[in-house]
Amino acid sequence: MTLGNSMLIPILPKMESELGLSSFQVSLTITIFSITAAIFIPILGYFSDRFSRKVIIVPALILYGIGGLLAGMAAAWFDSAYLWIMVGRSLQGIGAAGTAPIAMALTGDLFKGGDQSKVLGLVEASNGFGKVLSPIVGSLLALWVWYGPFWGFPVFCLFSVLLTAFFIKEKKKKKAPPPVGKYVKGLFSVFKHEGRWLFTTYLAGATCLFTLFGILFYISDVLEKEYNIDGVWKGFILAIPLLFLMTTSFITGSKIGKNLKVMKTLIVIGLLLMTASFSSLVFFEKLVPFFSVLVVSSIGTGLVLPCLNSLITGSVGKARRGFVTSLYGSVRFLGVAAGPPIYGWLMGWSRTGMFLVTGGLTLFVGFLCLLLIHVKNKSPNDSDEASESLFKKLQLTTE
């Protein structure tokens, strides 16, 4: 899933010049992928609850690969290349909707308690590792031809399909899935009693991905247009903040266990670190000082995301976990989708304003998390799922 956008970041300026596109048009190749994924994630999340995770993941990976193949063929041979690239990216978005968000729910199914937090931290670290590798891999593939990254997707998807099909062993469902009406009623119950803090965590996740991809878009543009750095070197430079994000995510996930108070504290601290970093970037333009300050925001993001994963995955039982985690994945994708075009506009408006607005956003979200996330005794309304939930004795709710 991570490769879907990050691997293309290094080739966006080249795509713009080769196809005669505007910055806005080329940014839509990121946006269309993310918006399509955001639309289909809740739908596929529901089906993963009703049937099984693998039944969704494997076909989704195949569709993901087909979309990349179509985009690569269009760039190489089609007259209306941009149109068909967008079609291919849309297919990839649908495929992506059935990958990482469903994998998060599957992790919640297979692991409990402290192990669940560790593995979810590993999932987020893997996400970060994909972000680290993807600009480098994208740059390497682009050495062959600028649209080379599109041809890489089918290869990665083929390996993922084989690994998932043969090595993931799901537990068989003990009972038939509930009727749609009962399923929906249960979801309303979850969001009625947990909605305020759940939506706050959703907003925090979307903010992290929005700022991350917005800043990456800005850096990619600046490196090529102001410093004439492109190709593999640009990929390595883009990977620097992502490496810090990956490392922090892995460490955070391995240490938080099921301590809800620690999770909330790290979320707030992480958002404050992001605020301090983004606000300070106003004063730095040279690359080395700029990246030295930027990695602080990556560390903050690495603190926030694993904690959000554990809180959201543990908020409900297995019967509705796919939808709730998928909805979280959906808003993350919306954050990714909004990042490049909005930052493209902010770059044209004011560099200083862009960083101050970003810092103000993360500060506001941090305040909401501090205010709305509380640890209290578990509500009886979700007692039917208590044995499967991270929150066996405690759960988050709002006052």
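Here we summarise the structure given alongside this text. Fair warning: this is a prediction, and the values are worked out from it, not measured in the lab.

Further remarks concern the pattern of salt bridges. All told, the structure shown has 3 salt bridges when counted by the stated rule. One salt bridge connects R53 with D109, and the closest N-O pair in it is separated by 2.7 Å. Taken together, the residues span a long stretch of sequence, with R53 in helix α4 (residues 53-77) and D109 in helix α6 (residues 100-110) at a distance of 56 residues. The residues R53 and D109 share a single accessibility class, namely buried.

Any two packed helices are characterised by the angle at which their axes cross and by the distance between the axes. At a minimum axis separation of 9 Å, α6 and helix α7 (residues 113-144) run at an interaxial angle of 160 degrees. When the axis of α6 is compared with that of α7, the two are roughly antiparallel. At the point where α6 passes α7, the crossing takes the right-handed sense. Of α7, the residues touching α6 (which contributes M104, T107 and G108) are Q116, V119, L120 and V123. Residue composition of the contact of α6 with α7, by class: 4 nonpolar, 3 polar and no charged.

Size it by volume and the largest pocket reaches roughly 1,400 Å³. What lines the largest pocket is a set of 43 residues, and nearest its centre among them are M1, A100, A103, S126 and S160. Where the lining of the largest pocket is concerned, the elements lending two or more residues are α1 (3-6), α4, α6, α7, α8 (148-167), α9 (180-225) and α13 (318-349). When grouped by side-chain class, the residues that make up the lining of the largest pocket number 30 nonpolar, 10 polar and 3 charged.

For helix α14 (residues 351-372), spanning 22 residues, the distance from its first C-alpha to its last is 32 Å, which sits close to the expected 32 Å at 1.5 Å a residue. At the N-terminal end of α14, a side-chain oxygen is found 3.4 Å from the backbone nitrogen of T352, two or three residues along, and the residue is S350.

Okay, the environment of I62 next. Take I62: it is sitting in helix α4. On the basis of relative accessibility, which here comes to 44%, the residue I62 falls in the partly exposed class. Linking I62 and C157, residues 95 residues apart in sequence, is a C-alpha distance of 6.6 Å.

Phi angles above zero are rare outside glycine, and N228 is one such case at about 55 degrees. Its location among the elements puts N228 in the loop between α9 and α10 (231-256). Of the residues examined, N228 reaches a relative accessible area of 65% and is grouped as exposed.

With the rule as written, the count across this model stands at 16 aromatic pairs. Between Y46 and F47 the ring centres are 5.4 Å apart and the planes differ by 55 degrees, which places this aromatic pair in the tilted class. Considering the side-chain rings of F199 and Y202, the 5.8 Å spacing of their centres and the 80 degrees angle between planes classify their relative orientation as edge-to-face. Of this pair, F199 and Y202 both sit in helix α9, 3 residues apart, which is roughly one turn of that helix. Owing to a relative accessible area of 45%, F199 belongs among the partly exposed residues under this scheme.

On to a nonpolar patch on the surface. On the surface, a nonpolar cluster with roughly 610 Å² of combined accessible area is contributed by I35, I39, I43, F47, F51, V55 and L334. In terms of residue count, the dominant contributor to the nonpolar patch is helix α3 (residues 23-50) (4 residues). Secondary-structure assignment places I39 in helix α3. Of the residues examined, I39 reaches a relative accessible area of 52% and is grouped as exposed.

Okay, empty space enclosed by the protein next. Picture a little ball the size of a water molecule; that probe, rolled over the atoms, points out where space is still empty. According to the stated counting rule, one finds 5 cavities of 30 Å³ or more in the structure shown. Every residue lining the largest cavity is counted, 13 residues in all, and those nearest its centre are L212, I215, L294, S297 and S298. Those elements that place two or more of their residues in the lining of the largest cavity are α9, α11 (260-280) and α12 (287-313). It is α9 that contributes the most residues to the lining of the largest cavity, 6 residues altogether. Partitioning the lining of the largest cavity into residue classes produces 9 nonpolar, 4 polar and no charged. There is about 80 Å³ of room inside the second largest cavity. Looking at the second largest cavity, the residues that line it are I9, L12, P13, E16, S23, V26, F217, S220 and D221. Only α2 (12-19), α3 and α9 provide two or more residues apiece to the lining of the second largest cavity. Of the residues that constitute the lining of the second largest cavity, the class distribution is 5 nonpolar, 2 polar and 2 charged.

Parameters at a glance
Residues numbered from 1 in each chain as written. Predicted model: local features only at pLDDT ≥ 70, side-chain atom pairs only at ≥ 80, totals over all residues. Heavy atoms only, no water. Salt bridge = Lys/Arg side-chain N within 4 Å of Asp/Glu carboxyl O. Helix = DSSP H or I, 4+ residues; strand = E, 2+ residues; numbered from the N terminus. Buried < 20%, exposed > 50% of the residue type's maximum accessible area, 1.4 Å probe, protein only. Axes fitted to C-alpha atoms, helices over the stretch in contact; angles between N-to-C directions. Parallel < 35°, antiparallel > 145°, perpendicular 65-115°, else oblique. Left-handed = near helix turned anticlockwise from the far one by under 90°. Contact = heavy atoms within 4.5 Å. Nonpolar A, V, L, I, M, F, W, Y, C, P; charged D, E, K, R; others polar. 1 Å grid on protein atoms, 1.4 Å probe; cavity = no way out; pocket = protein on both sides within 12 Å on 5 of 7 lines; lining within 4 Å. Points joined across faces, edges and corners; volume = space filled by probe spheres on them. Expected span 1.5 Å × (residues − 1). Polar contact = N/O pair within 3.5 Å; in protein donor to acceptor, adjacent residues only side chain to side chain. Phe/Tyr/Trp six-rings, centres within 6.5 Å; stacked < 30°, edge-to-face > 60°. Patch = residues over 30% accessible without salt bridge, like charges linked within 9 Å, V, L, I, M, F, W, Y side chains within 5 Å. Areas by Shrake-Rupley, 256 points an atom, 1.4 Å probe, with all protein chains shown as cover.

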